[in-house]
Amino acid sequence: MMSNGGFNSRNGASGPSYINGPFQNPITLHPSTQGYTVAQPSSTMTHSKAPLLPAPDNYSFKLCQQATPVSLYQSPSASSMPNRPPEGRLEPFAPSQPAVHNHRMLLLPISQSSSTPPVSNSFCQNLQQPRSRQYEGHAHMSNAVGSSLTSMAYSLGTPTPLFFGNASQSPGPPASASNLPMPGHNAANAVPQTSYQLDRTLYGSPPAVRLPAAIGASPPLPPPGLLVSSVLAPPVADQNEAGPYPPQAGQLSTPAGTAYPSLEPGYQGIEGVPKPLPVLPPTQPYGFPPQQYQQPSVGPAQLSPSLSALSLQSQTPEALRVVNLLQERNLLPPGPIPAPTPCLPQDLQKLNCSPEVFCSTLTSIPQTQALLNKAKLPLGLLLHPFKDLSQLPVVTSSSIVRCRSCRTYINPFVSFLDQRRWKCNLCFRVNDVPEDFMYNPVSRSYGEPHKRPEIQNATIEFIAPSEYMLRPPQPAVYLFVLDVSHNAVETGYLDVVCQSLLENLSFLPGDTRTKIGFITFDSMIHFYNLQEGLSQPQMLIVSDIEEIFLPTPDSLLVNLNECKELVRDLLKSLPQMFTKTMETHSALGPALQASFKLMSPTGGRVSVFQTQLPSLGVGALNSREDPNQRATAKDVQHLSPATDFYKKLALDCSGQQVAVDLFLLSGQYCDLATLGCISRYSAGSIYFYPSYHSQHNPAQTERFQKDLKRYLTRKIGFEAVMRIRCTKGLSIHTFHGNFFVRSTDLLSLPNINPDAGFAVQMSIEENLVDMQVVSFQAALLYTSSKGERRIRVHTMCLPVVKSMSDIFAGADVQAIIGLLASMAVDRSVTASLSDARDAMTNAAIDSLISYRTSVLTIQQPGLLAPACLRLFPLYILALLKQKAFRTGTSTRLDDRVFAMCQLKYQPLLYLMLMIHPSLYRLDNLTDEGSLNINDCTIPQPRMLQLSVEKLSSEGSFLMDTGSEMYLWVGRNCNPTFLKQVLGVQNYATVPLNMNQLPELDTAESTRTRAFISWLREQRPFYPVLHIVRDESPLKASFMQNMIEDRTESALSYYEFLLHRNSLTSLKATFHKYGHGSVPYLWTIASLDDVLTYFLRSLPGWRKEDRSQQS
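Residues numbered from 1 in each chain as written. Predicted model: local features only at pLDDT ≥ 70, side-chain atom pairs only at ≥ 80, totals over all residues. Heavy atoms only, no water.

**Here we look at the overall build of the protein chain**
- Looking only at helices and strands, the protein chain features 24 helices and 37 strands.
- In the protein chain, which comprises 1110 residues, the proportion classed as buried is 63%.
- Total accessible area on the protein chain is roughly 39,200 Å²; 52% of this is exposed by carbon and sulfur atoms. (Helix = DSSP H or I, 4+ residues; strand = E, 2+ residues; numbered from the N terminus. Buried < 20%, exposed > 50% of the residue type's maximum accessible area, 1.4 Å probe, protein only. Areas by Shrake-Rupley, 256 points an atom, 1.4 Å probe, with all protein chains shown as cover.)

This is the structure in structure tokens:
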């Protein structure tokens, strides 16, 4: 079952620059260090590699990277690595390496060679205007009556969590770093309440406002003049975020649509299709007239009473407007879908973290786990911690203010009791305000700590003082490992890589200490001596790949500034050195072992370029793909690794602060499921270019060039760790992304980049009835390319609610889909693809059943959903048709695995385009509603449904899938558009392989190119443009993204809704009335037979089509 089982909260370090509130310019997202930065004197740096922080004693790991304590593995040749103190207990994977003199070594010159029925309960009104994002299973049942629906593959109501993430762990202590009890109502511990912050009341303690008697009385509350404080405890330091307090033994830091005029053609008169809903007048959820309630300026302590009073208002929030999915069709908004705004007081909401950086699947947190289980919605967080941001406050201080108990960083959601004391919003401990925190560097005034940048910004970056380092920060070190076998040379990729490096060598992030090195490999390993003083680079060949060694360890990684000319000479000569090679083998495993040996003393980034299946040495693989058995209706084989060599080596790399990025350029099967482990567990990135050839596939070449330029020049953080903390009572139990888990809750990230996303699943371990808000904090501790130790902190505050309607009203459908996608990837690997598909389907069914039975007070026929979840079934269908999860034999195994990697790794902004592409009509662009950015007019066409019926042979349509764009040209397209945009005379002259728009001096060309360029600039990677016509071989790829249409192996959206409605109605009836309601179906029929009963009304349905039911 996909579950949000229990887990623990974390501390850490995270992120890129960011500005609170909506971005003013979504195009220019260049990082900035403006703010309060004070230059820090650089200390003497050494090249030796020491452990970043104290590490736990040992590690263990499992297939899904269970978050049990694990240790950092040391390389086989650890004894030969100078200046590298161990991190934890060493458990080598392989025997130690023999002596160097037993190997043959050649010394050669280099020259040669992504209607409103009333609702019950309440939801907060008068929300702020939402901030807009830039983009827009059910297991087999028994035949027996006693078979419970709680045995479904996806059930958020199960108390026992199923861990399936990159890293998961068994439930642990609550998420606060302190295991202290919650503050009690003991008058002996009472502290006089003095609200120091102007216009901000205290929060974190029980509310001081009584509920109206008509609503229901709350338990007795302490008088508003008293504040209960917790018992002070000895300080607990972070395990891996070094601080001024030493850790204690045995302790862990925890811290809309338009109604259908009629049914679709072919569906009229179908038995079982509900009639249109009558339009009912709004009614009161209570039996008395609405009462007026004037909401005061409140803090979180008064939030719940305000919500309760607002429940008396008669108007239903837009998020809870009832939508009959079978009657309303055009549900897509015209533009990007806004993220829901948490129902917080305005002074808190304006300080909250941007949803593009830190968001929750539920913006209203249930009070209890039972309430969350009842809602059947997943609870989790999605992070983009190192995102490129337009503004980022950077603070330099001699000390960083943190809670002495849970080690939370001071943030906008803490409470100041007076000028000298503040209360932690995670563990509720009262802390002293340091003397130097009294000074405000912005206003240059003293005595206003609540006006400091740390209190005014939910995302902020600190330049860490010396207590956050155990050694000088490492330099930026880059190693490039290149496949030079015959197959690699034939693709022509080597010329592109060398040319791109030559062009961007001066733009590699770093400082005067930056190092660089190169390794090439085929059946042997080639090292390059670039030591200063040589007239030309020297190639050093090691032919014994069984026992790899470094020929000259001191001259293979060289200072880039000192040896730049030798590096340039090597890059110019490298493509010609192997043009005549006939070596077809690939010794990738030994090359990676050599890279690990070379990088271990310092750490850094390894960039591997591979073009075929490894065939020699350790890590050699055999082809596991059978094109005739790529997928069946139920399962896909070989999604898990064929060997654990690459995972073990990745863990070695992670322990030595080395990340491995993999570029896979191949036209044949390369077993990405196995090779991808080297990047997945070392916090690296994976790039995949199927059918790459510089001459035969120019579109892929263009994409590779653009991606490589971004990769070489983007921001990078080294030797990073990240921890997520949350309010006491909440816990985190599963992580998703590319990383390695250290000490159960700390993510080890040898490299962090601005394009990496993460997700976590959460549960509620303790009731939150005494809380009105909860907070989440992600902290990323990293070393910048300039050698500065920095901490990026993101803090988010969300309200706690006790009604089902409030929970549903705060659901973020895109965040839910992002989390479910990661969960489904893990289920596909650990169980089966069919289990994952069933689980995703059940996620939609169960949530709609819960909404129907728990929120709606008047039951109506049809498939009903709240407006905030109206796109949930559509997105689930899109996931089922996505490369990662679709059935059929048309999807290659490497393509499927790469799609799964993207679902786990990409931030939500880019992930949604991959799941549900955007479709626009371009032949009638106008300036109406356009944007004006840098004196450039950007048209804003309306997004269309992904259905062939929205296409017209007289038009031209652009589909944006995130990584690729398709411009489909109709057969009868307007000749004016063809001439003025495509530069051709008629449809017949449109080239079949056209992938660029000509720069024509026409208004239509300017508009079209401006819109496409604007879309491309919204993301860090470069989407290739394909011009598609009916005769184009890419037409099938274009049509496959028409999610709402039927395919050979999947239902159309309308058929999908009909099936889900049938099952939803059946399950809702079963839940409401029990076994007696459907005695025949549940005693003698299986679920498959029940579905067959409903499917028989569909035109063209056959018994053989049962595979389409999921």
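**Digging into the state of the cysteines**
- Counted by the stated rule, this structure contains zero disulfides.
- You can see cysteine 353 has no disulfide; the closest cysteine sulfur is in cysteine 359, sitting 9.4 Å from it.
- Given the relative accessible area of 3%, cysteine 353 is considered buried.
- For the unlinked cysteine cysteine 427, the closest cysteine sulfur is that of cysteine 403, found at 3.5 Å. (Disulfide = S-S within 2.5 Å.)

**A closer look at the pattern of salt bridges**
- Considering all chains together, one arrives at 29 salt bridges under this definition.
- Of the charged contacts in the structure, one is a salt bridge between aspartate 388 and lysine 715, with a shortest N-O distance of 3.9 Å. Of this pair, aspartate 388 sits in the loop between strand 8 (380-383) and strand 9 (394-396) while lysine 715 sits in the loop between helix 12 (698-713) and strand 24 (717-726); the two residues are 327 residues apart in sequence, bridging distant segments of the chain.
- For arginine 892, the salt bridge identified is with aspartate 895, shortest N-O distance 3.3 Å. Like arginine 892, the residue aspartate 895 is buried in the burial classification.
- Via salt bridges that share partners, Asp388, Arg710, Arg714, Lys715 and Asp755 belong to a single interconnected network. (Salt bridge = Lys/Arg side-chain N within 4 Å of Asp/Glu carboxyl O.)

**What to know about the sheet that holds strand 35 (residues 956-960)**
- Taken in spatial order, the four strands make up an open sheet running 32-35-36-37, and their pairing is mixed. The open sheet is flanked by strand 32 (918-921) and strand 37 (1024-1028), the only strands paired with a single partner. With direction set aside, neighbouring strand axes in the sheet form an average angle of 20°.
- Strand direction decides the pairing type here: strand 32 and strand 35, joined by four bridges, are antiparallel. Residue pairing across strands places leucine 919 opposite methionine 959, the latter belonging to strand 35. (Pairing = 2+ DSSP bridges. Axes fitted to C-alpha atoms, helices over the stretch in contact; angles between N-to-C directions.)

**Thoughts on the sheet that holds strand 12 (residues 430-432)**
- Strands sit in the order 10-11-12 across an open sheet of three strands; the sheet is antiparallel. Both edges of this open sheet fall to strand 10 (415-418) and strand 12, since each of them pairs with a single strand only. On average, adjacent strands in this sheet sit at an angle of 35° to one another, irrespective of strand direction.
- Here strand 11 (residues 421-423) runs beside strand 12; their pairing, made up of three bridges, is antiparallel. Residue pairing for strand 12: tryptophan 422 is matched across the bridge by asparagine 431.

**Let's talk about the packing of helix 14 (residues 813-830) against helix 15 (residues 833-854)**
- Contact geometry of helix 14 with helix 15 gives a least axis separation of 7 Å together with a crossing angle of 150°. Classed by the angle they form, the pair helix 14 and helix 15 counts as roughly antiparallel. Where helix 14 crosses over helix 15, the two elements pack in a sense that is right-handed. Taking contact as the criterion, the partners of Leu820, Ala824, Arg827 and Ser828 in helix 14 are, on helix 15, Leu833, Asp835, Ala836, Ala839, Met840 and Ala843.
- In terms of residue class, the contact of helix 14 with helix 15 is made up of seven nonpolar, one polar and two charged. (Parallel < 35°, antiparallel > 145°, perpendicular 65-115°, else oblique. Left-handed = near helix turned anticlockwise from the far one by under 90°. Contact = heavy atoms within 4.5 Å. Nonpolar A, V, L, I, M, F, W, Y, C, P; charged D, E, K, R; others polar.)

**Some details on helix 12**
- Helix length check: helix 12, at 16 residues, gives a terminal C-alpha distance of 23 Å against a target of 22 Å (1.5 Å per residue), a fit within 8%.
- Residues Ala699, Gln700, Thr701, Glu702, Arg703, Phe704, Asp707, Leu708, Tyr711 and Leu712 constitute the buried set of helix 12.
- Buried residues belonging to helix 12 abut strand 16 (477-483), helix 6 (493-504), strand 21 (604-610), strand 22 (658-666), strand 23 (686-690) and strand 37. (Expected span 1.5 Å × (residues − 1).)

**Points about unusual backbone geometry**
- Non-glycine residue lysine 376 carries a positive phi angle of around 60°.
- Residue placement: lysine 376 occurs in the loop between helix 3 (369-375) and strand 8.
- Residue alanine 683 is not a glycine yet carries a positive backbone phi of 65°.
- Within the element layout of this structure, alanine 683 appears in the loop between helix 11 (677-680) and strand 23.

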